[in-house]
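Listed below are the residues making up each chain.
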Amino acid sequence: MYTDDNQLYIAHCDNGPLYMIGKMANRHGLIAGATGTGKTVTLQVLAETFCQAGVPCFMADMKGDLSGISQAGQMSGFIEKRCPEFGIENPQFHGCPTRFFDVYGEQGHPLRATISDMGPQLLARLLDLNETQTGILNIVFKIADDRGLLLIDMKDLRMMLDYVAKNAKEFTTTYGTVSSVSVGAIQRALLALEAEGGEIFFGEPAFNVFDFLQTEGGKGVMNVLAADKLMLNPKLYSTFLLWLLSELYTQLPEVGDLPLPKLIFFFDEAHMLFKDTSKALVDKIEQVIRLVRSKGVGVYFVTQSPDDIPEAIAGQLGNRILHGLRAYTPKEQKAVKAAAQTFRTNPNFNTEAAILELGTGEALVSLLDEKGAPCIVERAKILFPLSQIGAITDEQRNSLIRSSRIYGVYDKSFDRESAYEVLVEQQKQEEKRLQKEAEEEAKRKEKEAKEKAKPKNTTSSRTKKSTGRKALEKTINTTATTIGRGIGNKIVRSILGSIFK
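Residues numbered from 1 in each chain as written. Predicted model: local features only at pLDDT ≥ 70, side-chain atom pairs only at ≥ 80, totals over all residues. Heavy atoms only, no water.

Novice: Please set out the overall build of the protein chain residue by residue, giving values where relevant.
Specialist: The helix and strand inventory of the protein chain stands at 15 helices and 15 strands. Going through the 501 residues of the protein chain one by one, you find that 48% of them count as buried. By sequence separation, contacts in the protein chain at least 24 residues apart represent 77% of the contacts at least 6 residues apart. On the protein chain, roughly 25,300 Å² of surface is accessible, and the fraction owed to carbon and sulfur atoms is 51%. (Helix = DSSP H or I, 4+ residues; strand = E, 2+ residues; numbered from the N terminus. Buried < 20%, exposed > 50% of the residue type's maximum accessible area, 1.4 Å probe, protein only. Contact = heavy atoms within 4.5 Å. Areas by Shrake-Rupley, 256 points an atom, 1.4 Å probe, with all protein chains shown as cover.)

Novice: How would you summarise unusual backbone geometry if you had to cite specific residues and measurements?
Specialist: For the bond running from Glu-204 to Pro-205, omega is 5°, close enough to zero to count as cis. Inspection of the secondary structure puts Pro-205 in the loop between helix H7 (180–195) and strand E8 (215–216). The backbone of His-28 shows a phi angle near 70°, a positive value even though the residue is not glycine. Along the polypeptide, His-28 turns up in the loop between strand E3 (16–21) and strand E4 (29–32). According to the relative accessible area criterion, His-28 is buried, its value standing at 1%.

Novice: Describe the side chain of Glu-362, and please don't skip the residues or the numbers.
Specialist: In this structure, Glu-362 sits in strand E14 (residues 362–366). Glu-362 gets classed as buried once you look at its relative accessible area, which sits at 17%. Here Gly-359 takes part through its backbone nitrogen, which lies 2.8 Å from a polar atom of the side chain of Glu-362. Excluding residues that lie within four positions of it along the chain, Glu-362 makes contacts with His-323, Arg-379, Ala-380 and Lys-381. (Polar contact = N/O pair within 3.5 Å; in protein donor to acceptor, adjacent residues only side chain to side chain.)

Novice: Help me get a handle on the pattern of salt bridges, residues and values and all.
Specialist: Counting across every chain of the model gives 22 salt bridges. Here Arg-147 ties to Glu-170 by a salt bridge, and the two come within 2.8 Å at their closest N and O atoms. Here Arg-147 is found in the loop between helix H4 (131–146) and helix H5 (154–166), whereas its partner Glu-170 is found in helix H6 (residues 168–175), with 23 residues between them in sequence. Linked by salt bridges that have partners in common, Arg-27, Asp-257 and Arg-293 make up one network. (Salt bridge = Lys/Arg side-chain N within 4 Å of Asp/Glu carboxyl O.)

Novice: A description of the packing of aromatic side chains should follow, citing residues and the corresponding values.
Specialist: Each aromatic ring pair is specified by the distance between its two centres and by the angle formed by the two planes. Under the counting rule described, the total for this entry stands at 19 aromatic pairs. Between Phe-265 and Phe-267 the ring centres are 6.1 Å apart and the planes differ by 50°, which places this aromatic pair in the tilted class. Against the face of Tyr-249 rests Lys-295, its NZ or CZ located 4.6 Å from the ring centre. Sitting above the plane of the Phe-100 ring, Arg-397 keeps its charged end 4.6 Å from the centroid. (Phe/Tyr/Trp six-rings, centres within 6.5 Å; stacked < 30°, edge-to-face > 60°. Lys NZ or Arg CZ within 6 Å of the ring centre and 35° of its normal.)

Novice: Which residues make up the pairing of strand E2 (residues 7–13), and what values go with them?
Specialist: Of all the 7 residues making up E2, 6 are buried; the element is thus mostly covered by neighbouring parts of the structure. As paired strands, E2 and E3 are joined by 6 bridges and run antiparallel to one another. Paired with Ala-11 across the bridge in E3 is Leu-18. A loop of 2 residues connects E2 with E3, the two strands running antiparallel in sequence. (Pairing = 2+ DSSP bridges.)

Novice: Give a detailed account of the environment of Leu-150, specifying residues and quantitative values.
Specialist: Relative to the helices and strands, Leu-150 resides in the loop between H4 and H5. Leu-150 gets classed as partly exposed once you look at its relative accessible area, which sits at 36%. Distance from Leu-150 to Met-118, taken between C-alpha atoms, is 13 Å for residues 32 residues apart in sequence. When sequence neighbours within four positions are dropped, the list of residues in contact with Leu-150 reads Asp-156, Arg-416, Glu-417, Ser-418 and Ala-419.

Novice: Any chance you could break down the packing of helix H3 (residues 115–127) against H4 for me, citing the residues and the numbers?
Specialist: When two helices pack together, their arrangement is given by the angle between the helix axes and the distance between those axes. Where H3 meets H4, the closest approach of the two axes is 9 Å, and the angle between their N-to-C directions is 160°. As the angle between them shows, H3 and H4 are arranged roughly antiparallel. Here the hand of the crossing between H3 and H4 comes out left-handed. Facing Ile-115, Ser-116, Gly-119, Pro-120, Leu-123 and Ala-124 of H3, the residues of H4 in contact are Thr-134, Leu-137, Asn-138 and Phe-141. Of the residues in the contact of H3 with H4, the class split is 6 nonpolar, 4 polar and no charged. (Axes fitted to C-alpha atoms, helices over the stretch in contact; angles between N-to-C directions. Parallel < 35°, antiparallel > 145°, perpendicular 65-115°, else oblique. Left-handed = near helix turned anticlockwise from the far one by under 90°. Nonpolar A, V, L, I, M, F, W, Y, C, P; charged D, E, K, R; others polar.)

Novice: Which residues make up empty space enclosed by the protein, and what values do they have?
Specialist: Inspection of every chain in the model, using the stated rule, returns 1 cavity of 30 Å³ or more. Within this model, the largest cavity holds a volume of roughly 40 Å³. Together, Leu-30, Pro-306, Arg-320, Ile-321, Leu-322, Ala-339, Thr-342 and Phe-343 line the largest cavity. When residues of the lining of the largest cavity are assigned to their parent elements, the largest contribution, 3 residues, is made by strand E13 (residues 319–322). (1 Å grid on protein atoms, 1.4 Å probe; cavity = no way out; pocket = protein on both sides within 12 Å on 5 of 7 lines; lining within 4 Å. Points joined across faces, edges and corners; volume = space filled by probe spheres on them.)

All we've got here are geometric facts, nothing functional implied.
Have a look at this one:
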């Protein structure tokens, strides 16, 4: 339904079509509504509209329903009824170029990250660590960086934790105290994550986010993440999507406000991102959301209630589509009132009452105008998708995976030398050194033992030799003395005798 002049036709109200301005699409957005009100179809409509405009998208597929965006839709009674309302005479059904991804590598190309790429802050959230344990994890990462040790997969991190714990005294002065108790807690959290299949996510080849920014035939590629299994671990799901968003922010260059975004990132089940999340991390998320639009990325949160989004982040979501909400409890009634107050009032209807009256496929829509100001809210009907509504078959999915341009790039993992291999080799060298020292020490002790045993016999022999030598010398001296005296006497007598003569 994309129209020229970078306008995106997404809904129809009593006053006519509602267009999203292309250059304002990276100002982020919100799709909210109770279960069964049409959020998934709205997401699909937006995504395929961006696709037609040449803008690639990323989206998580919770139930497999979004896989249908890859196939052409077909006429139905519902669509036939809506066509006159939207002024559409002959809808051209079509699919979108689609690539499938899966953290577990079962329903799409594997998506991996290295431990280093994930970083200590996101990893601490994934492992549900407390403040002290997070501090220890930061120390471990710092030591690994300083020593040039690559942290790629979970065995690298486990080995690094073990290494730091064993050498804690060496690191305390430079990096701070390393508690063996905290290290043990982190190790246990890693084991729990591994038991849930988390080790599959960490490794190489790591995913290159630039592979999301692709077009085919002038259409933006739809990057669909199979999330039905991933959703069984909400912490891993939300942390993984947050990592992807952080990678986009880190890797992409500054581009400012473009006529159309470079990528639209749909964050489905967004309430999981902020549940049990520390204020420090929420502040970090707010910063990423605020700055990532300058990289040409628009982020659209999809959730059941607008109050699932922290106020500081909700204030940055300029394009809003709100489906019906339920108000059975005082808390829900308060949420409806709060949601109504976020819209610019339309004098033609009561916004709060309209939220409770909306039918399936209907929504309150408020989009940004060309100057970036929110338009007054309109009660509208969202367009129908031109792609298939519902899941595709396994055969269709596998065919698309095999025909993808990136087929084979991520499908086979490899394990290069990293912290684990380096530290294992160091341990082997240390064991060899200790063994050599032990052997040398054993030889030295053996030699000392022999030396101690040898002097007893040597001393006796020396004593005998000394006694014999002394006796011989005495004999010689006595003989010499006797001879000397005899000769001396003869000489004396001879001299004296000649004198007296």
